[in-house]
Amino acid sequence: MNIPRIGFHLSTAGGVFRAAERAHQIGANTFQIFSSSPRMWRASRIAINDSEQMRTLCRQYDCMPLVIHTSYLVNLCSQSDEVRNKSVSAFRGEVERALALGAKYLVLHPGSWRGLTREEGLRLAAESIQTATDGLDLATNDLRILIENTAGAEFSLGGSFDQVAELITRLERVVPIGACLDTCHCHVAGYDLVTPAGYEETLRQIDSTIGFAQVRVWHTNDAKAARGSKLDRHEQIGKGTIGLEPFRRLLNDARFAHRAFIAEVPVEEPGDDEKNVQLLRSLVAKPLKAAVKK
């Protein structure tokens, strides 16, 4: 029986490996972290002992895959040479830390192409990723970069499945590549995950552009804002404009049976991380027991 991989974006306070301990404590069997401060260009080094401890704990707790989210500062398609060069350097650091920690996936928002054309933005993002990963062996270490869809803001690269697919196509001969889809981002970008018919149409679009096989991680986030609003505001599971049932539908969809589902919702009170993980786990259908012959 396949055990769904359900987890949370967790703090690394006290040492990066502490996130694995926290994941185990809240009943998660996968998790996501930032490998450095998401709002600082200068990243601190991860001690070798911390990296080894992370790998050990992930194996011990069977808490995998480890997913790392790239810093919010990284903008690989910026019109500014200075920002783009800093982003390439920062992203290379992200890849190096992901390799050291034994992460399986590194999630990336490609950035904003404001001041350029969409085509220029796609080209710069692909070139920047190629430059940042030059000489690093992702494939042997089983690390894959995942392009995350965005909330659909005007100049944000990845606001549609088409854009995510196009960037993957440009990079698939360069680095191991795939997609991370965010339920909140899909919803506020205008895709319908709520109604049964809309859900099937949205999945048809995913399959015809990105392809189901390329979707390795789902960020399972409810939304504070309305569908099509393009406002990226996450809400706790079942309390937003997506509601509970679409998550039940997604978690039990055989087309994503071997994917990781990670919540990035607000922790407003102690225990909210565990509460959301356990709620997601409760939505997974239990297998029917075989009849016992007498």
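Criteria and cut-off values
- Residues numbered from 1 in each chain as written.
- Predicted model: local features only at pLDDT ≥ 70, side-chain atom pairs only at ≥ 80, totals over all residues.
- Heavy atoms only, no water.
- Buried < 20%, exposed > 50% of the residue type's maximum accessible area, 1.4 Å probe, protein only.
- Helix = DSSP H or I, 4+ residues; strand = E, 2+ residues; numbered from the N terminus.
- Pairing = 2+ DSSP bridges.
- Disulfide = S-S within 2.5 Å.
- Salt bridge = Lys/Arg side-chain N within 4 Å of Asp/Glu carboxyl O.

Draft legend 1. Representation of the pairing of strand β7 (residues 215–219) within the structure. Burial analysis of β7 places four of its five residues in the buried class, which makes it a mostly covered element. Note that strand β6 (residues 177–182) and β7 share four bridges and pair parallel. Across the sheet, the residue bridging to Ala 179 is Val 215, located in β7.

Draft legend 2. Expanded view of unusual backbone geometry. The amide bond that connects Met 64 to the next residue, Pro 65, takes the cis arrangement and shows omega of 5°. Turning to its location among the elements, Pro 65 is positioned in the loop between α2 (48–60) and β3 (66–69). Phi is positive for Asp 62, which is not a glycine, with a value near 50°. You can call Asp 62 partly exposed: its relative accessible area is 38%. At Asp 142, a residue that is not glycine, the phi angle is positive and equals roughly 55°. Relative to the elements of secondary structure, Asp 142 occurs in the loop between α4 (118–132) and β5 (144–148).

Draft legend 3. Representation of the state of the cysteines in the model. What the rule picks out here adds up to zero disulfides. Sulfur of Cys 186: no disulfide; nearest cysteine sulfur belongs to Cys 184 and is 9.2 Å away. Given the relative accessible area of 0%, Cys 186 is considered buried.

Draft legend 4. Structural context of the pattern of salt bridges. On inspection of all chains with the given rule, the structure shows 16 salt bridges. The salt bridge partner of Asp 81 is Arg 84, with a shortest N-O separation of 2.7 Å. You can see Asp 81 and its partner Arg 84 sitting in helix α3 (residues 81–101), three residues apart, about one turn around the helix. The class of Arg 84 is buried, set by a relative accessible area of 14%. Among the ionic pairs, Arg 255 bridges to Glu 200, the shortest N-O distance being 3.1 Å. Here Arg 255, found in the loop between α8 (245–251) and β10 (260–263), pairs with Glu 200, found in helix α7 (residues 196–209); they are 55 residues apart in sequence, far enough to count as distant. Judged by relative accessible area, which is 34%, Arg 255 ranks as partly exposed. Judged by relative accessible area, which is 39%, Glu 200 ranks as partly exposed. Taken together, the shared-partner salt bridges connect Arg 118, Glu 119, Glu 166 and Arg 170 into one network.

Everything listed here is a matter of geometry and, on its own, says nothing about what the molecule does.
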